[in-house]
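# What the coordinates show
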Amino acid sequence: MIAYHILKEIIGDQHLRFHNQEPGIPRRIDPEQYRSRNRIVVISGVRRSGKSTFLKQLALGFPSFLYLNADDDRLIGATTDDLGSLLLIWEELFPGVRTVFLDEIQNIPGWERVVRRMHDEGYKIFLTGSNAQMLSKELGTHLTGRYVRVELYPFGFDEYCAFHQFSWEKKGIHTTNESAAALRLFSQFIEEGGFPEFLKDPDPEILRRTFDDILFRDIIARYAIREVKAFRLLCRYLFTNMTREASFTSLASTVQMKSPVSLKNWIGYLEDSYLIGSLSPFEYSMKKQLSRNQKYYGIDTALRNAVAFRFSDDYGLLLENIVWLELCRRGYELYWLKGQSECDFIAIEQGKSRMVIQVCWHLSDENRKREYDGVIEACTMFPGSGGYILTLQQEEKPAQNIRVMPVWKWILEE
Ligand SMILES: Nc1ncnc2c1ncn2[C@@H]1O[C@H](COP(=O)(O)OP(=O)(O)OP(=O)(O)O)[C@@H](O)[C@H]1O
């Protein structure tokens, strides 16, 4: 057990540091809707996406609170008994305070039991944890029905604009100057992505390190993967080919694995770590849906640029990936359509389709019919949906109820 006076010192230090920490750029998620929840609020998301910083933003809404960062050298080897002592120290230092923020709590084995008990005793709890240990399945068994999850992604384009102090009228971006500035920033965003740390210090090493930490610490070590080379190759391949469709069999053969079953597990681990996401084609039969090829997307475009192979005409793919990320941030259930024609995204909310979206770098005479056909087919299948063709910079008057507009404008205005 850790000595009582040391724990007391840790609490004092950490409290001061957390109070002095910069709250950073406000995230798009409204903290107020979580402050008033009775359930435990679990913040998850890819490594370095800003979970601890968001915790600080949540804390700002409370006059007093308790705080513990379990990622502290002095807490190595801490147990649930130490958490019990912490409760006593908190009561001594901050009597009656019942709001608690727990950062990286997965470092203390058995934390779930203590957190569950605290919640039952009326504490309001907010916590973050590195994803691998905070996977929904695992958390579900420990905190059944007691928690709500907030998923944090790297900055979206609106947050990127805030980071660069670019603001625009609530009514929309109308002037040529504003449009030119937004387009310029957006072109930069395609290259720089949304990891806040990388935006502050644009050294690709930062991104490579994050990538390797997720691969080696969160996945390879945790799931005892022995075919490290093949696993790494799979990650790089998926990032290089983001937005493309692939089958388990073709992926297994690309990385020279005999078993598509292990490959399926690997992809599951990558998705749980939020490094990649997959998209199924829409099918009325679930069985059929699962047997069809998936499309794969990556958590960040700059991360892709740092770890994957680039080719000259990959801008279309980066643009589509940004739209996928934005739709994930907005919490839609997503599919793609492979019918007579193809459509990139069908975004569904509460069982109803809201948007069908085709992403196209530049609408030309050659591709116009194909792009429209995909949206029209999807809109016919899902009547009442808004139809969009999102481009880098073209904007056209709506035709056949389909809006053609730049991605950046759609993100900032729609
Ligand atoms: N909203 C923000 N505004 C400005 N900078 C931010 C913001 N969010 C995160 N950062 C910066 O990004 C880096 C990572 O942030 P943070 O530690 O909050 O991420 P995390 O998701 O908790 O990381 P980990 O997965 O390692 O626990 C820090 O340097 C932090 O200052």
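These lines cover the structure that appears in this document, whether it is placed above or below. Being a predicted model, the structure only gives us computed values, none of them experimental. (Residues numbered from 1 in each chain as written. Predicted model: local features only at pLDDT ≥ 70, side-chain atom pairs only at ≥ 80, totals over all residues. Heavy atoms only, no water.)

Strands in a sheet are paired, the pairing made by backbone hydrogen bonds, and the direction either parallel or antiparallel. The strand order across the open sheet formed by three strands is β6-β8-β7, and the pairing between neighbours is antiparallel. The sheet is open, and its two edges are formed by β6 (245-246) and β7 (276-279), each paired on a single side. Its contacts with the sheet place helix α16 (residues 315-329) against β7 and β8 (294-298), and it is angled at close to 90° to β8. (Pairing = 2+ DSSP bridges. Helix = DSSP H or I, 4+ residues; strand = E, 2+ residues; numbered from the N terminus. Contact = heavy atoms within 4.5 Å. Axes fitted to C-alpha atoms, helices over the stretch in contact; angles between N-to-C directions.)

What follows concerns helix α17 (residues 368-381). Over its 14 residues, α17 extends 20 Å from the first C-alpha to the last, a length consistent with the 20 Å expected when each residue adds 1.5 Å. Residues E371, Y372, G374, V375, E377, A378 and C379 constitute the buried set of α17. Close packing links the buried residues of α17 with β9 (333-338), β10 (342-349), β11 (352-359), β12 (386-391), β13 (396-399) and β14 (402-406). (Expected span 1.5 Å × (residues − 1). Buried < 20%, exposed > 50% of the residue type's maximum accessible area, 1.4 Å probe, protein only.)

Moving on: the environment of R48. Turning to its location among the elements, R48 is positioned in the loop between β1 (40-45) and α3 (51-59). Residues R48 and P196 lie 148 residues apart in sequence; the distance between their C-alpha atoms is 7.9 Å. Beyond its immediate chain neighbours, meaning those up to four positions away, R48 contacts F195, P196, E197 and T210. For R48, the side chain forms a polar contact with the side chain of E197, separated by 3.0 Å. (Polar contact = N/O pair within 3.5 Å; in protein donor to acceptor, adjacent residues only side chain to side chain.)

This part is about the site of the ligand. Taken together, 16 residues are adjacent to the ligand, and I25, K51, S52, T53 and E104 come closest. With respect to the ligand, the side chain of K51 contributes an N or O atom lying 2.8 Å from an oxygen atom. Of all the secondary structure elements, the ones that give two or more residues to the shell around the ligand are α3 and α9 (196-200). Here the shell around the ligand is composed, by residue class, of three nonpolar, six polar and seven charged. (Near = heavy atom within 4 Å. Nonpolar A, V, L, I, M, F, W, Y, C, P; charged D, E, K, R; others polar.)

Our next topic: the pairing of strand β3 (residues 99-103). Burial analysis of β3 places five of its five residues in the buried class, the great majority of the element. On β3, burial covers both faces: T99, F101 and D103 on one face and V100 and L102 on the other are all buried. Where strand β2 (residues 66-69) meets β3, four bridges bridge the pair, whose relative direction is parallel. Counted as the bridge partner of N69 is D103 from β3. Bridging between β3 and strand β4 (residues 124-128) involves four bridges; their strand directions are parallel. Bridging from a neighbouring strand, V100 pairs with I125 of β4.

A word on the pattern of salt bridges. Here the structure, examined in full by the defined rule, presents 27 salt bridges. The salt bridge involving R28 is made with E326; its shortest N-O contact spans 2.9 Å. Taken together, the residues R28 in the loop between α1 (4-20) and α2 (32-35) and E326 in helix α16 connect sequence positions 298 residues apart. Residue R28 is classed as partly exposed on the basis of its relative accessible area of 33%. The shortest N-O distance in the salt bridge between E326 and R329 comes to 3.5 Å. Residue E326 and its partner R329 are both found in helix α16; the two are separated by three residues, about one turn of the helix. Here R329 falls in the partly exposed class, since its relative accessible area comes to 21%. Residues joined in a network through salt bridges with shared partners are R28, D158, E326, R329 and R330. (Salt bridge = Lys/Arg side-chain N within 4 Å of Asp/Glu carboxyl O.)

Now for the packing of helix α4 (residues 80-93) against helix α5 (residues 111-120). Closest axis-to-axis distance for the α4/α5 pair is 9 Å, and the angle between their directions is 35°. Note that α4 runs across α5; the crossing there is right-handed. Of the residues in α5, those touching α4 at T80, L83, L87 and W90 are W111, V114, R117 and M118. Of the residues belonging to the contact of α4 with α5, the class tally is six nonpolar, one polar and one charged. (Left-handed = near helix turned anticlockwise from the far one by under 90°.)

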